[in-house]
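Each chain, letter by letter, is given below.
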Protein chains: 2
Amino acid sequence: MSKPAARDRLADAAFALFDERGYEQTTIDDIAERAGVGRTTFFRHYRSKEEVIFPNHDRLLELIRHRLATSSHGTALVAVSDAVRLVLLHYIDEGDLARRRYALTSKVAALRDREIASVARYQRLFREFISDWMGDPTTESASLRAELMAAAVVAAHNHVLRRWLRGESADPVAEVDEAMREVLDLFPGPRSRPGTGDGGSTVVAFRTRQDLDALLPSLRRLIEEGPE
Amino acid sequence: MSKPAARDRLADAAFALFDERGYEQTTIDDIAERAGVGRTTFFRHYRSKEEVIFPNHDRLLELIRHRLATSSHGTALVAVSDAVRLVLLHYIDEGDLARRRYALTSKVAALRDREIASVARYQRLFREFISDWMGDPTTESASLRAELMAAAVVAAHNHVLRRWLRGESADPVAEVDEAMREVLDLFPGPRSRPGTGDGGSTVVAFRTRQDLDALLPSLRRLIEEGPE
DNA sequence: CCCACCGTTGGTACTGAGTACCGTCATTAC
DNA sequence: GTAATGACGGTACTCAGTACCAACGGTGGG
């Protein structure tokens, strides 16, 4: 029974020591000693000191990749939303562990950097997927839009995740769905080319019950494309 | 004359060795030896091995912070665009050095992570600035919008910067201005608070040679504050 | 029952980054 | 001339991470 426990005992010992003395003040020898194993065994289970805190990142990446891969052109945006929800649920499943990690990354700069780097990895997945989905990879503006969209998607996820980690969110799944809706609303279909006008604007008088923001796209389209 | 050269000689030696043997295969002793100084002197000039490649990040952060700080409420978006342009110009000024760094960060994972982490630092600056500018920090949706906008701004910058680094852009400054325009187009101005009035909008007729973006703030203020 | 073969473990030794400290030397100030 | 300052080099140390090896313990075949 002590066989499968070794890995977990190491993680427990690590988190306990990090809480007691802080991350930098804890050596791997300390962790191994408290877990009752040799130093070598530590590195057999975790590639580095940081990996005790961020395990199975690769699995998470694979989860995202898989969800994105199983989608057709028409369901691409659904796949993106699903993948984001998947990541969020992954953290929620971790529960207290995720919160302890958050406490650590908030304090230790090296860990924060590590976290950011791994977030960038799945932002890259989203970017490539969205870029492929948009097609027309020769178009420079499509490339930029894919980048912007991926950045927004990941930012939205992180925003909701952090709120939940801080205990500010009672229903993070609903929030992330709402946030994703907001993100996707930002990106309309293929943009019409700018610069087809004199730069001036003609605004006609009207009254509407719509919010200004809601009708801005139409306004803009009118200006850019002309009233043809 | 060999006095001020020490720091530069170290950087030259480092980059040369990184090119010859690769980053991980180069020890700090190697660098110090080729530069003709002691190992101690290396650490006196650079806090770490990575810092030879990413010097004066702090200065760049300070540059951004300063540009953002010297702006009023009305010129906030101009300040953001300026700050982004500032960062881009910083890299362009570095010229070949920036490209050599890019070649390294493309190959070495540790350096890529480091780069990403420092990008996150100025994304944070933008986020805080935009969040302050949007005001009403209690509103959850404003917070998300600030996060999305900061992410998009930084993504746009990175996109153009990487294009330039790869030699795909002849006029990166024009490109970043265009990209920033596209980003800001994505985001309609600060949401008018719901529940004030009936949510409808009254738009009066006028004609101007100003771009729509330029007069949007006035438009918005009229709507939000009323024509008092 | 013995032995050959595993996989897991712990120990030792090494490299290399980063830190702390100290003695030396040159420049400048007085 | 001398004292103070500051840049430099050297030594010694801690700690993360790697490589290697020797000692187990079980398992299966003979």
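The present account deals with the structure reproduced in this document. Since we're looking at a predicted model, the values are computed, not measured.

Moving on: the protein's contact with DNA strand C. Neighbouring DNA strand C are 15 residues, the closest being Thr-40, Thr-41 and Arg-44 of chain A together with Arg-39 and Lys-49 of chain B. What you see for DNA strand C is that sugar and phosphate hold 45% of its atoms within 4 Å of the protein. Within the backbone of Ile-28 of chain B, an N or O atom sits 3.3 Å from a phosphate oxygen of DNA strand C. For the surface near DNA strand C, the secondary structure elements donating two or more residues are helix H3 (39-45) of chain A together with helix H3 (39-45) of chain B. A per-element tally of the surface near DNA strand C places H3 of chain A first, with 4 residues. A class-by-class count of the residues in the surface near DNA strand C yields 3 nonpolar, 8 polar and 4 charged.

In the region of DNA strand D, 16 residues are neighbours, and Arg-39 and Lys-49 of chain A together with Gly-38, Thr-40 and Thr-41 of chain B sit closest. The sugar-phosphate share of atoms of DNA strand D within 4 Å of the protein amounts to 46%. In this structure, Arg-39 of chain A approaches DNA strand D through a side-chain N or O atom, which is 2.7 Å from a base nitrogen. Backbone polar atom of Gly-38 of chain B to a phosphate oxygen of DNA strand D: 2.8 Å apart, as the coordinates give it. Sorting the residues of the surface near DNA strand D by element identifies H3 of chain A together with H3 of chain B as the ones contributing at least two each. The residue makeup of the surface near DNA strand D, split by class, is 4 nonpolar, 8 polar and 4 charged.

This next bit is on the environment of Ala-32 of chain B. All names here are of chain B. Mapped onto the elements, Ala-32 comes out in helix H2 (residues 28-35). Ala-32 sits in the buried class, given a relative accessible area of 3%. When near neighbours in sequence (up to four residues on either side) are disregarded, Ala-32 contacts Leu-10, Val-37, Gly-38 and Arg-39.

Counted according to the given criterion, the structure contains 6 aromatic pairs over all chains. Each residue in the set Phe-42, Phe-43 and Tyr-46 of chain A is aromatic and connected to the rest through ring pairs, giving one cluster. Seen from the ring of Tyr-23 of chain B, Lys-49 of chain B lies directly overhead, with NZ or CZ sitting 4.4 Å from the centre.

The subject of this paragraph is the environment of Ala-13 of chain A. Residue and element names in this part refer to chain A. Along the chain, the position of Ala-13 falls in helix H1 (residues 2-21). Given a relative accessible area of 5%, Ala-13 falls into the buried group. Taking C-alpha positions, Ala-13 is 19 Å from Lys-107, a pair spaced 94 residues apart along the chain. Dropping the residues within four chain positions of it, Ala-13 is found in contact with Ile-31, Arg-34 and Ala-35.

The subject of this paragraph is the pattern of salt bridges. Pairing between side chains becomes possible if they bear opposite charge and their charged atoms approach one another. Enumeration according to the criterion identifies 42 salt bridges over all chains in this entry. Glu-50 of chain A is the salt-bridge partner of Arg-114 of chain A, the closest N and O atoms lying 3.0 Å from each other. Taken as a pair, Arg-114 of chain A in helix H7 (residues 109-134) and Glu-50 of chain A in the loop between H3 and helix H4 (57-69) lie far apart in primary sequence, 64 residues in all. Assessed through its relative accessible area of 22%, Glu-50 of chain A is described here as partly exposed. Where Arg-127 of chain B meets Glu-147 of chain B, a salt bridge forms, and the shortest distance between an N and an O atom there is 4.0 Å. Residue Arg-127 of chain B is found in helix H7 (residues 109-134), and its partner Glu-147 of chain B is found in helix H8 (residues 140-165); the two are separated by 20 residues along the sequence. Judged by its relative accessible area of 25%, Arg-127 of chain B falls in the partly exposed class. Overlapping salt bridges, with partners in common, bring together Glu-140 of chain A together with Arg-163, Arg-166, Glu-168 and Glu-175 of chain B in one network.

Turning our attention to the side chain of Thr-105 of chain A. Residue and element names in this part refer to chain A. For Thr-105, the location among the structural elements is in helix H6 (residues 96-107). Given a relative accessible area of 5%, Thr-105 falls into the buried group. Thr-105 has contacts with Phe-54, Leu-111, Arg-112 and Glu-115, leaving out every residue within four places of it along the chain.

Another aspect to go through is the environment of Leu-88 of chain B. Residue and element names in this part refer to chain B. On the secondary structure map, Leu-88 appears in helix H5 (residues 76-94). For Leu-88, a relative accessible area of 0% gives the class buried. Considering only alpha carbons, one finds Leu-88 and Val-52, 36 residues apart in sequence, at a separation of 20 Å. Those residues in contact with Leu-88 that lie beyond four places of it in its chain are His-157, Val-160, Leu-161, Pro-172, Val-173 and Val-176.

All names here are of chain B. Between its first and last C-alpha, H5 extends 27 Å over 19 residues, near the 27 Å set by a 1.5 Å rise per residue. Close packing links the buried residues of H5 with helix H4 (57-69), helix H6 (96-107), H7, H8 and helix H9 (172-186). Just beyond H5, the residue with positive phi is Gly-95, at close to 60°.

Basis of the calculations
Residues numbered from 1 in each chain as written. Chains lettered and ligands numbered in written order. Predicted model: local features only at pLDDT ≥ 70, side-chain atom pairs only at ≥ 80, totals over all residues. Heavy atoms only, no water. Near = heavy atom within 4 Å. Polar contact = N/O pair within 3.5 Å; in protein donor to acceptor, adjacent residues only side chain to side chain. Helix = DSSP H or I, 4+ residues; strand = E, 2+ residues; numbered from the N terminus. Nonpolar A, V, L, I, M, F, W, Y, C, P; charged D, E, K, R; others polar. Buried < 20%, exposed > 50% of the residue type's maximum accessible area, 1.4 Å probe, protein only. Contact = heavy atoms within 4.5 Å. Phe/Tyr/Trp six-rings, centres within 6.5 Å; stacked < 30°, edge-to-face > 60°. Lys NZ or Arg CZ within 6 Å of the ring centre and 35° of its normal. Salt bridge = Lys/Arg side-chain N within 4 Å of Asp/Glu carboxyl O. Expected span 1.5 Å × (residues − 1).

None of the figures reported here should be taken as evidence of function without further support.
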